[in-house]
Amino acid sequence: MANRTDPAAKSIRGTNPQNLVEKIVRSKIYQNTYWKEQCFGLTAETLVDKAMELDHIGGTYGGNRKPTPFMCLVMKMLQIQPEKDIVVEFIKNDDYKYVRVLGAFYLRLTGIDSDIYRYLEPLYNDYRKVRRKSADGNFILTHVDEVIDELLTTDYSCDIALPRIKKRWTLESLGALDARKSVLEDDFEEEEEKDENEQDGLEEEVAHEKDYYRGRSPARERERDYRRDSHRHRDRDYDRDRDYDRERGRGRDRDRERDRDRDRDRDRYRLREEKDYGYERDRDREREGRERDRRDRDRGRRRSHSRSRSRSRDRKRHARSSMSPRRHEAEDGNPPEESKKKKGKKEKKDDGTDHPDPEIAEANRIRASLGLKPLKL
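Residues numbered from 1 in each chain as written. Predicted model: local features only at pLDDT ≥ 70, side-chain atom pairs only at ≥ 80, totals over all residues. Heavy atoms only, no water.

*Asks:* Please clarify how unusual backbone geometry should be interpreted in this entry.
*Replies:* If a residue is not glycine, its phi is most likely negative; likewise, a peptide bond is most likely trans. Despite not being glycine, R13 has its phi angle at roughly 55°, a positive value. With relative accessibility at 44%, the residue R13 sits in the partly exposed group. At R65, a residue that is not glycine, the phi angle is positive and equals roughly 55°. Position of R65 relative to the elements: it lies in the loop between strand 2 (60–61) and strand 3 (66–67). (Buried < 20%, exposed > 50% of the residue type's maximum accessible area, 1.4 Å probe, protein only. Helix = DSSP H or I, 4+ residues; strand = E, 2+ residues; numbered from the N terminus.)

*Asks:* Would you take a moment to explain the side chain of T68 for this structure?
*Replies:* Within the secondary structure, T68 is located in the loop between strand 3 and helix 4 (69–80). What makes T68 buried here is its relative accessible area of 0%. Apart from the residues lying within four places of it in its own chain, the contact partners of T68 are H56, G58, G59, Y61 and K133. (Contact = heavy atoms within 4.5 Å.)

*Asks:* Just checking my understanding: could you explain the packing of aromatic side chains for this structure?
*Replies:* One pair of aromatic rings is described through two measures. These are the centre distance and the angle between the planes. In total, this model carries two aromatic pairs according to the counting rule given. Lying across the ring of W35, K76 places its NZ or CZ 5.3 Å from the centre. It is R131 that lies over the ring of F139; its NZ or CZ is 4.4 Å from the centre. (Phe/Tyr/Trp six-rings, centres within 6.5 Å; stacked < 30°, edge-to-face > 60°. Lys NZ or Arg CZ within 6 Å of the ring centre and 35° of its normal.)

*Asks:* Looking at this structure, how should I read the environment of I91?
*Replies:* Positionally, I91 belongs in helix 5 (residues 84–92). Sequence separation between I91 and F105 is 14 residues, and the spatial gap between their C-alpha atoms is 9.4 Å. Filtering out sequence-adjacent residues up to four positions away, I91 remains in contact with R100, G103, A104, L107, Y119, L120 and L123.

The following block contains the structure:
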């Protein structure tokens, strides 16, 4: 019940006035302690007292996005929908700046375009400081005119999407709004009148001087012309000397810049040579180190190989000393007679020339001379 809109309230822009605030922000406001304790049962008359207690403005802040009391009071005004005269009195209040900002914010949400420009543009002349709570919970300093400019020129303020309004020049072209008049226009007119009076006085003095010089004698005129010409020649000589000194100084600066560039190029070339020399020297050192490591590795490999060969040679010598005579003969390539006989038999059997049939034996010898396999019968 406490969160329902007043039944007598009118729809704003075709919807419930409370729907002008996003649903998430609206639910945060309904759950806030300030809304439940301080805003319950407020009317258009008692809401002024709560607005006078405000000490800052802002939307939501902190990690859980808590709404500020300013946003709770804006929501309460949308709920009870006060009359337009009350809102205008809020805006015209010069004693309490936060009451003025509260009324301007509510009018920006619910008012028509012409009323918004008509009542909010005069607040550009209010330069009082106001505190604003940022999203991280810290306070920042701003001014009333800055808040009004944000309401008139942006589409988002205090975590609420503002309704779109027409541009001022569009309303002026339609005749719904008069041309904007600056409050400093009277001061500008006074300054212009003062400048015009000073200009008239200067013109009168110049005319008086002309009349005075017009009545002078010809001799004085010639003397004045002579002095003017002499001063002109003197000024021309002075200008020529000054130009010559300037050109000479410019030439010295140019030579100095050229010498400085030459020294800079020489230093850069020397640094490049030293860098290249140091790089080549380091590269040669690395190459010598790699070659030295390779030589040491090859020397160690040869040493280990020779050591392993000597060990294998010693093992063979020890094995030969511990073998039997028959095995010695087998190792030296002198097989025993039995093995020779078996080998001879095997060779005869493989050759096929010892076949009992003389014809087959002859044929096998011919095939053996030709490199063919023997006959198998």
